[in-house]
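# Breakdown of the fold
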Amino acid sequence: MPFRPIVGIRSPVAALFIAAFASLLAAPLLAAPARADFRVCNGTQTLVGVAVGQRTPDGWVSEGWWRIPATTCRSVVEGELQSRYYYLYAEDAEGLGRWAGDIDMCIAENEFKIVGVADCFARGFQKMGFREYDTGGQGSWMVQLTESPRGGTEQP
């Protein structure tokens, strides 16, 4: 069966080119929408535990632990970000490296969600310094954790 031209196109190569070009133009329309969230990427060679803090209608809330394996990323706040400021504390599984800041919030040794930042010790929690991230009101944000000095504190 001879090649049938498409709307006057006589070359099979030209027809393939036009079909490929049309699919490239349609690809953004068919692609899944980008996810908005607060992601943390672990750029180290060890497992990292992450806690996040934020202001909510219930008050200040700190929550953890997200376990992020070496060289992977994970969402710690899913969906469109509702606050401008988010707070992060992370430490490696060996307890030798950590990423901290100067905003005190409460944490616990096991999985936790703690409302309030006052009287951490009196309520049976630990107090730890979180680093503040100003997202500028953007719908999504990503933090990259990189190797920190052994026993040191890095401000990413």
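Before going into details, it helps to say that this report is about the structure given with it.

### Section: the sheet that holds strand S1 (residues 37-42)
With respect to topology, three strands assemble into an open sheet ordered S4-S1-S10, the strand pairing being mixed. Bordering the open sheet on either side are strand S4 (72-78) and strand S10 (141-145), each of which pairs with just one other strand. In this sheet, neighbouring strand axes are inclined to one another by 20 degrees on average, regardless of whether the strands run parallel or antiparallel. As defined by bridge partners, S1 adjoins S10 across five bridges and the pair is classed as parallel. Note that in S10 the partner of Cys 41 across the bridge is Gln 144.

### Structural notes on the pairing of strand S5 (residues 85-92)
Counting buried positions along S5 gives six out of eight residues, so the element sits mostly inside the fold. Alignment of strand S2 (residues 48-56) against S5, held across six bridges, turns out to be antiparallel. Opposite Val 52, over in S5, you have Leu 88 as the bridge partner. In the sheet, S5 pairs with strand S6 (residues 98-99) via two bridges, with the strands oriented antiparallel. Note that in S6 the partner of Glu 91 across the bridge is Arg 98. Linking S5 to S6, which pair antiparallel, is a turn of five residues; within it Gly 95 sits at a positive phi near 75 degrees.

Reading the values: rules and limits
- Residues numbered from 1 in each chain as written.
- Predicted model: local features only at pLDDT ≥ 70, side-chain atom pairs only at ≥ 80, totals over all residues.
- Heavy atoms only, no water.
- Pairing = 2+ DSSP bridges.
- Helix = DSSP H or I, 4+ residues; strand = E, 2+ residues; numbered from the N terminus.
- Axes fitted to C-alpha atoms, helices over the stretch in contact; angles between N-to-C directions.
- Buried < 20%, exposed > 50% of the residue type's maximum accessible area, 1.4 Å probe, protein only.

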